[in-house]
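# Summary of the model geometry
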Amino acid sequence: MRYAFNEYIYGECCNKSDANDEINDGNKDTMFRFTGDNSNIMVKESFEDIHYDKKALNYLLNSKQALKNNEVYTDDAIRLSFQLMTRAEPAKMVIETIKSLIAIKAADDEILIVDNNHTDVDLYQPLADFCAALDTKLNVHFYHIDAVAGFKAGALNLALGLMNPMCTHIVVVDSDYQALQHARASIAAAIQEYPHHALLQFPQFYRDAGRLEVHGELNHYFNYHLYRDFNRKRALSTGTYAVIQRMALIELGGWSGASITEDAQMGVLMHRQGLQTAFIPKVIATGLLPNTVGDLMSQRRRWIYGNMQVLNTYFSNHSLPLSKTSAPNSFSQRLGYMRAHLSQLSAWVNMTGIFIFLHICTLLIISGAMLANFDINFPLLLTPLYTVYAGYTLFLGRRLWAYCHDNAPLNQQMNGSDMPYFYQKLRAWLMHLNFWELGALSWLPVLWGREKPFICTPKQVYVRTRRTVWTANIAALPKLFFIINLITALMAAPFSPLYSPLIFVCAITVCMLKLWSAQIMLANYGYTESSNTVTADFVHNIHLDINNKSTRQEHSVLNDSVTSRKLSTSLQDNQIINT
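Every value quoted in this text rests on a predicted model; they were computed, and no experiment measured them.

Our next topic: helix H5 (residues 151-162). Residues that lie three or four places apart on an α-helix share one face, since the helix turns once every 3.6 residues. Along its 12 residues, H5 runs 17 Å from first to last C-alpha, staying within 8% of the 16 Å computed at 1.5 Å per residue. Burial within H5 is extensive, with 11 of its 12 residues counted as buried. Taken as a whole, H5 has its buried residues at Lys152, Ala153, Gly154, Ala155, Leu156, Asn157, Leu158, Ala159, Leu160, Gly161 and Leu162.

See below:
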């Protein structure tokens, strides 16, 4: 168990004589406080030069050479580092995730938990106590860091330096995603099938009871977008249960903090370096849906904004994505990567923003002309709305077509159910319409370089009443599109001097679709008796007995006299130190 640095990092892999070195190279350093004692650890944000021992370095170089020689991984050669980045998460939920990983991990695998960017002791102390009680042979290591730059990417870079360098692959795990029994075997099988792929992305799936339409809307990305052949062979990472070659990530320079969706950014950068990726359509873990409509909307805004940050800089690097194994690297092959990237990065985005702006401007002009009593041909002012509703119809038709062709293969795999009926697909499509305004407008500030903070999706559930649930849901739902179409319907109604049958029918249709979609959302996130409970309790003294593995008491890892430590991560394995 690593409260700060355990015996492995502090002993075998580091030069002991450097234990009290100070960082004095003039670069900006960040102070982190690790749980377990009161030691202060000096950590460089650049993570540039970890001290490997010869044994670990030789293992890494040999593994790299084996892959160059087209050898494949054997079961014994695969070592996984499961990495959980947590921030103010409910301790009970995280502990259940850790338990699921312990149940499936191999003896040489490790589990790293890096709790970061908060100072609430009541939240992370139960995790520290739980991990301290585990047998050291389980290789479960916990860290808490008060502040780390770079959002989740910064914490993942820190984990890259803290991990056992003899692990071949990193498995990124969200704090709520519990591994299924076959997870480890499926990961090993995928690595053996694709030994030269730098990234293997497994799908996200949710275990919440009910909320079928939310499930269907969120799973549509994996059931339809990533499932298509041209995307499956060029998959970008979606975060949790991304299996990454450690050497590939090191050669890439670690995780990039240029976007708040660091996973998608990494996938694009891998392709630019000629590294291969793939989507593995097999569910190996299940997570939790956002607890409220507001949390769901916040999560979607982050996905949209982060992906558009990646797209905004996509063409700043003039070298198109390529494949080392494709010969020759034709322009058509490179366009294939661009098609896959644009398809995946724009999955949550729609380009109806320009039509919404034209719609609003038209309504303002008509309102101003009517108030000023101008003597003009008012019906002529409705002309731009024909273009607007043509754009809306194209968007609605394309999305409905996609949902109708979504046969939900992952759902069939998990539930053994048949292909969904048309009515189920229609309701999932209507659920998607709740995010219409977000997909059209929330990404626009990216164009003028506005930064957006990384917002974690909270997992706590608090006591709520029927009234507070309803009020919060209504407040969280986007309403702009309904309002402007309602105004349009009134302007073009039969009793109006601007009466236009086509515009009136179009506006009423959109209003009805938005009301129907809102009703589906409220049905999925309505008040229930189970929502009137507090599940964010904290577990302080929990012991684990899995597969007859013994437990132990909390122990101290570092002496109080050690107050600082220079820690950073090597991005070049040919830099031989500790000779």
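Let us keep going from here.
Here we take up the packing of helix H20 (residues 480-491) against helix H21 (residues 501-524). Following both chains from N to C, one finds H20 and H21 inclined at 150°, their axes separated by 8 Å at the closest point. Of the possible angle classes, the one that applies to H20 and H21 is roughly antiparallel. Taken as a pair, H20 and H21 cross one another with a handedness that is left-handed. Two secondary-structure elements touch here, H20 through Phe481, Phe482, Asn485, Leu486, Thr488 and Ala489 and H21 through Ile503, Phe504, Ala507, Ile508, Val510, Cys511, Lys514 and Leu515. In terms of residue class, the contact of H20 with H21 is made up of 11 nonpolar, 2 polar and 1 charged.

The next subject is the packing of aromatic side chains. Summed over all chains, the structure comprises 10 aromatic pairs. Ring plane angle 85° and centroid distance 5.2 Å describe the contact between Tyr221 and Phe222, whose orientation is recorded as edge-to-face. Each member of the pair Tyr221 and Phe222 is classed as buried. Considering the side-chain rings of Tyr392 and Trp436, the 5.6 Å spacing of their centres and the 85° angle between planes classify their relative orientation as edge-to-face. Of this pair, Tyr392 sits in helix H15 (residues 383-404) while Trp436 sits in helix H18 (residues 436-441); the two residues are 44 residues apart in sequence, bridging distant segments of the chain. For the pair shown, Tyr392 and Trp436 are each scored as buried. Linked through ring pairs, Tyr221, Phe222, Phe279, Trp303 and Trp348 together constitute an aromatic cluster. The ring of Tyr227 has Arg232 lying over it, and the distance from NZ or CZ to the ring centre is 4.4 Å. If you follow Arg339 out to its NZ or CZ, it ends over the ring of Phe230, 3.6 Å from the centre.

So, on to the pattern of salt bridges. Enumeration over the complete set of coordinates arrives at 8 salt bridges. Asp108 is the salt-bridge partner of Arg79, the closest N and O atoms lying 3.8 Å from each other. Within this pair, whereas Arg79 is found in the loop between helix H2 (54-68) and strand S3 (80-86), its partner Asp108 is found in the loop between helix H3 (91-104) and strand S4 (110-116), the two being separated by 29 residues in sequence. A salt bridge links Asp109 to Arg184, with the nearest nitrogen and oxygen atoms 2.9 Å apart. With a gap of 75 residues between them, Asp109 in the loop between H3 and S4 and Arg184 in helix H6 (residues 183-193) connect regions that are remote in the sequence.

Its place among the elements puts Asn350 in the loop between helix H12 (331-345) and helix H13 (353-371). The sequence separation of Asn350 and Arg399 amounts to 49 residues, and the corresponding C-alpha distance is 9.7 Å. Look past the residues within four positions of Asn350 in its chain and what remains in contact with it is Phe395, Arg399, Trp436, Gly439, Ala440 and Trp443. In this structure the side chain of Asn350 is engaged in a polar contact, spanning 2.4 Å, whose partner is the side chain of Thr352.

Per-chain confidence: the protein averages 78 in pLDDT, with 73% of residues scoring 70 or above. Taken together, the stretch residues 1-57 has pLDDT below 50 and engages in 184 contacts with residues farther than four places along the chain or on a different chain. Across residues 531-579, confidence stays below pLDDT 50; counting only partners more than four residues off in sequence or on other chains, it has 147 contacts.

Here we take up the environment of Ile191. Relative to the helices and strands, Ile191 resides in helix H6. The exposure class of Ile191 is buried, given its relative accessible area of 1%. Along the chain, Ile191 and Ile244 lie 53 residues apart, while their C-alpha atoms are 9.7 Å from each other.

So, about the packing of H15 against H21. With their axes 11 Å apart at the nearest point, H15 and H21 run at an angle of 40° to one another. In terms of orientation, H15 lies oblique with respect to H21. Two packed elements cross with a definite hand, and for H15 against H21 that hand is left-handed. Here Leu385, Tyr386, Tyr389 and Leu396 of H15 come into contact with H21, specifically with Leu502, Ile503, Cys506, Ala507, Val510 and Leu513.

Pairing within the open sheet is mixed, and its 7 strands lie in the order S5-S4-S3-S6-S9-S8-S10. Since the sheet does not close on itself, it has two edges, and those belong to strand S5 (140-145) and strand S10 (276-279), each with one partner. Averaged over all pairs of adjacent strands, the angle between strand axes in this sheet comes to 20°, irrespective of strand direction. Alignment of strand S8 (residues 197-201) against S10, held across 4 bridges, turns out to be parallel. Within the sheet, the bridge partner assigned to Leu199 lies in S10 and is Thr277.

On to H20, then. Compared with an ideal rise of 1.5 Å per residue, which puts 12 residues at 16 Å, H20 spans 17 Å between its outermost C-alpha atoms and is within 8% of the ideal. Buried within H20 are the following residues: Phe481, Ile484, Asn485, Thr488, Ala489 and Met491. All buried residues of H20 project into a common sector of 160° when viewed along the axis, lining one side. Buried positions along H20 lie against H13, H15, H18 and H21.

Rolled over the atoms, a probe with the dimensions of a water molecule shows which regions are left empty. In total, this model carries 2 cavities of 30 Å³ or more according to the counting rule given. What the second largest cavity holds in volume is close to 30 Å³. Lining the second largest cavity we find Trp348, Val349, Asn350, Phe395, Arg399, His432, Phe435, Trp436 and Gly439. Among the secondary structure elements, those contributing two or more residues to the lining of the second largest cavity are H15 and H18. Residues belonging to the lining of the second largest cavity are distributed by class as follows: 5 nonpolar, 3 polar and 1 charged.

The next point concerns a nonpolar patch on the surface. A cluster of nonpolar side chains, contributed by Leu486, Leu490 and Phe495, occupies part of the molecular surface with about 330 Å² of accessible area. In this structure, Leu490 sits in helix H20. Exposure remark for Leu490: the relative accessible area of 48% places this residue in the partly exposed category.

As a further point, take the pairing of S4. In terms of burial, S4 is a largely internal element, 7 of the 7 residues being buried. Neither face of S4 is open: one carries Glu110, Leu112, Val114 and Asn116, the other Ile111, Ile113 and Asp115, and all of them are buried. As defined by bridge partners, S3 adjoins S4 across 6 bridges and the pair is classed as parallel. Paired with Gln83 across the bridge in S4 is Leu112. Following the backbone out of S3, through H3 and into the adjacent parallel S4, one traces a crossover that is right-handed. Direction of pairing for S4 relative to S5: parallel, over a ladder of 6 bridges. Its bridge partner lying in S5, Asp115 is registered against His144.

Procedures and definitions
Residues numbered from 1 in each chain as written. Predicted model: local features only at pLDDT ≥ 70, side-chain atom pairs only at ≥ 80, totals over all residues. Heavy atoms only, no water. Helix = DSSP H or I, 4+ residues; strand = E, 2+ residues; numbered from the N terminus. Expected span 1.5 Å × (residues − 1). Buried < 20%, exposed > 50% of the residue type's maximum accessible area, 1.4 Å probe, protein only. Axes fitted to C-alpha atoms, helices over the stretch in contact; angles between N-to-C directions. Parallel < 35°, antiparallel > 145°, perpendicular 65-115°, else oblique. Left-handed = near helix turned anticlockwise from the far one by under 90°. Contact = heavy atoms within 4.5 Å. Nonpolar A, V, L, I, M, F, W, Y, C, P; charged D, E, K, R; others polar. Phe/Tyr/Trp six-rings, centres within 6.5 Å; stacked < 30°, edge-to-face > 60°. Lys NZ or Arg CZ within 6 Å of the ring centre and 35° of its normal. Salt bridge = Lys/Arg side-chain N within 4 Å of Asp/Glu carboxyl O. Polar contact = N/O pair within 3.5 Å; in protein donor to acceptor, adjacent residues only side chain to side chain. pLDDT = per-residue confidence, 0-100. Pairing = 2+ DSSP bridges. Arc of directions from axis to C-beta. 1 Å grid on protein atoms, 1.4 Å probe; cavity = no way out; pocket = protein on both sides within 12 Å on 5 of 7 lines; lining within 4 Å. Points joined across faces, edges and corners; volume = space filled by probe spheres on them. Patch = residues over 30% accessible without salt bridge, like charges linked within 9 Å, V, L, I, M, F, W, Y side chains within 5 Å. Areas by Shrake-Rupley, 256 points an atom, 1.4 Å probe, with all protein chains shown as cover. Right-handed = clockwise from strand over helix to strand, strands pointing away.

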